[in-house]
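One-letter residues, chain by chain:
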Amino acid sequence: MRFLSEDLPGTFIESLQLGSNTVDDMKNGYFWNVNEQIKFACKRLGKLEQLKGGYNAIGFSQGGQFLRGLAERCPNPPMRNLISLGGQHQGVFGLPHCSAPNMSWCEIIDKCISKFAYLSWIQQRLVQAEYWHDPFREEMYKTHSIFLADINNENIQNEEYKLNLQKLDNLVLVKFERDTMVQPRESEWFGYYKPGGDKSMLTLQESLLYKEDRIGLKTLDEAHKLHFLSVDGDHLQFTKDWFRVNILKPFLV
């Protein structure tokens, strides 16, 4: 994304590095509690004078839902536009490149992982467990997920989260139509499996999250501030030209 500096001359661009170097940043992407990451990001952005009037945020992969959590929990400085590229907003239930409905052995592995994913010490230490969403054990997910279930208002209706998300000028959700990394890829548009199985899907609009407007998505949608874009490619595979036409010009210029 270095081309942003060229396309937006004079614009302040900050890359959120979670650590003192790239090695720590990569490690923290797996082993640093997401809730602590958001606190760190909120504090860091709050110190930047250039962002006092607001900023645009671009999240790649899991960064999409992490930045949404930031928008919900950290209203100052205000986030204006949130671009989520392949974010897993309803979580994942599957290993990368392993589609459970098409490969029976993948489904067995998924169920084995779920036996451990919701253990407290794993939730506290393994980032990907914090957005593991087992459709066969919805109640377990809702009560034991320390991050995703919280920012999706699955248990307690946190009106502050809803109010803060509704302050966005635009929430842009980009799904990669041939994504083999995210299971299911529909999660990138807030879609997910129907509770009790991993075959049939619910779109965002069919879900209680939308119908009950738990985090303000229905309100954003009706105000034409919720946008669904797609790319005919695998995870995070897009061209500079596509980004310029579909993201940069409509939402960031």
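Q: How do you make sense of the environment of Gly-196 when you look at a structure like this?
A: Note on placement: Gly-196 falls in the loop between strand S4 (192–193) and strand S5 (201–202). With 59 residues separating them in the primary sequence, Gly-196 and Arg-137 have C-alpha atoms 7.1 Å apart. Each residue touching Gly-196, except ones within four places of it in the same chain, is listed here: Pro-135 and Phe-136.

Q: What exactly am I supposed to notice about the sheet that holds strand S1 (residues 55–60) here?
A: In any sheet, the strands associate via hydrogen bonds between backbone groups, in a parallel or an antiparallel arrangement. The 4 strands are arranged S1-S2-S3-S6 in an open sheet whose pairing can be described as parallel. The sheet is open, and its two borders are formed by S1 and strand S6 (226–231), each paired with just one other strand. Averaged over neighbouring strand pairs, the angle between their axes works out to 15° when direction is ignored. When strand S3 (residues 170–176) meets S6, the two strands line up parallel, connected through 6 bridges. Each residue of the ladder has a partner; that of Lys-175, found in S6, is Ser-230.

Q: I keep staring at the packing of aromatic side chains and nothing clicks. Help me out?
A: Here a ring pair, both rings aromatic, is described through the centre-centre distance and the interplanar angle of the planes. By the definition in use, this model includes 12 aromatic pairs. The interplanar angle of 55° and the centroid separation of 6.0 Å between the aromatic rings of Phe-238 and Trp-242 together place this pair among those described as tilted. The exposure class assigned to Phe-238 is partly exposed, which follows from its relative accessible area of 22%. One aromatic cluster in this structure is built from Phe-3, Phe-176, Phe-238, Trp-242 and Phe-243. Over the face of the ring belonging to Trp-189 we find Lys-175, whose NZ or CZ atom lies 4.1 Å from the ring centre.

Q: Help me understand the pattern of salt bridges in this model?
A: Two side chains carrying opposite charge are able to pair once their charged atoms lie near each other. By the definition in use, this model includes 15 salt bridges. Among the salt bridges present, the one from Arg-137 reaches Asp-134, with a minimum N-O distance of 3.5 Å. Residue class for Arg-137 comes out partly exposed when judged on its relative accessible area of 30%. On the basis of relative accessible area, Asp-134 is assigned to the buried category, the value being 3%. Here Lys-175 ties to Glu-177 by a salt bridge, and the two come within 3.8 Å at their closest N and O atoms. The exposure class of Lys-175 is buried, given its relative accessible area of 10%. Relative accessible area serves as the criterion here: at 33%, Glu-177 is assigned to the partly exposed category. Through salt bridges that share partners, Asp-7, Asp-241 and Arg-244 make up one connected network.

Q: Whenever I open this one, the environment of Arg-178 confuses me. Can you help?
A: Take Arg-178: it is sitting in the loop between S3 and S4. Considered as a pair, Arg-178 and Asp-232 are 54 residues apart in the sequence and their alpha carbons are 6.3 Å apart.

Criteria and cut-off values
- Residues numbered from 1 in each chain as written.
- Predicted model: local features only at pLDDT ≥ 70, side-chain atom pairs only at ≥ 80, totals over all residues.
- Heavy atoms only, no water.
- Helix = DSSP H or I, 4+ residues; strand = E, 2+ residues; numbered from the N terminus.
- Contact = heavy atoms within 4.5 Å.
- Pairing = 2+ DSSP bridges.
- Axes fitted to C-alpha atoms, helices over the stretch in contact; angles between N-to-C directions.
- Phe/Tyr/Trp six-rings, centres within 6.5 Å; stacked < 30°, edge-to-face > 60°.
- Buried < 20%, exposed > 50% of the residue type's maximum accessible area, 1.4 Å probe, protein only.
- Lys NZ or Arg CZ within 6 Å of the ring centre and 35° of its normal.
- Salt bridge = Lys/Arg side-chain N within 4 Å of Asp/Glu carboxyl O.

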